Structures are given as C-alpha cells and as structure tokens.
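Chain by chain, the residues:
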Amino acid sequence: MTDKAENKAEELKGRAKEAVGDATGNEQWQAEGKAEQGKSNLKQAAEKVKDAVKGVKD
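Residues numbered from 1 in each chain as written. Predicted model: local features only at pLDDT ≥ 70, side-chain atom pairs only at ≥ 80, totals over all residues. Heavy atoms only, no water.

## So, the overall build of the chain
Assigned secondary structure in the chain consists of two helices and zero strands. Compactness check: the chain gives a C-alpha radius of gyration of 14 Å against a globular reference of 10 Å for 58 residues, more than 25% above the reference. Overall size of the chain, expressed as C-alpha extent along the three principal axes, is 50 × 20 × 10 Å. Going through the 58 residues of the chain one by one, you find that 22% of them count as buried. (Helix = DSSP H or I, 4+ residues; strand = E, 2+ residues; numbered from the N terminus. Rg over C-alpha atoms; globule rule 2.2 N^0.38 Å. Buried < 20%, exposed > 50% of the residue type's maximum accessible area, 1.4 Å probe, protein only.)

Rendered as structure tokens:
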C-alpha cells in the first residue's frame, strides 16, 4: 500500500473510532480517533509538500 493510501486509511480509522466514541460516550475513543485523524492529516500534508517539491525538481 502506498503512503497516501495508508494515511487515508488511518484517517478513516480515526473517524470511525471517534464516531463509535461519540455514539457510546467513550471519551477515550473520541480522543484516540481525533488524534489518529490529526496524525494522518499531518502525514498527508507532508506528502503534498513532498509531491510539490518533486514537481519542482522535474
């Protein structure tokens, strides 16, 4: 799996975990879900920067 796909999968996993936490009132799952989404978003931003730099080099 590519880094981009892994990052998107991690984001979706975080969204699902947060949704389950919201539905059940589980604050730990809510927090973990938000954290996973945040980490994924940072990785996705880094991939975009890497792609932009790569585009400039080409």
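Having seen the model, we can carry on.
## Brief notes about the side chain of K17
Position of K17 relative to the elements: it lies in helix 1 (residues 3–24). Residue K17 is classed as buried on the basis of its relative accessible area of 17%. Engagement of the side chain of K17 in a polar contact is seen with the side chain of E32, the distance being 3.2 Å. With sequence-adjacent residues up to four places away left out, K17 is seen in contact with W29, E32, G33 and E36. (Polar contact = N/O pair within 3.5 Å; in protein donor to acceptor, adjacent residues only side chain to side chain. Contact = heavy atoms within 4.5 Å.)

In short, geometric facts, not functional conclusions.
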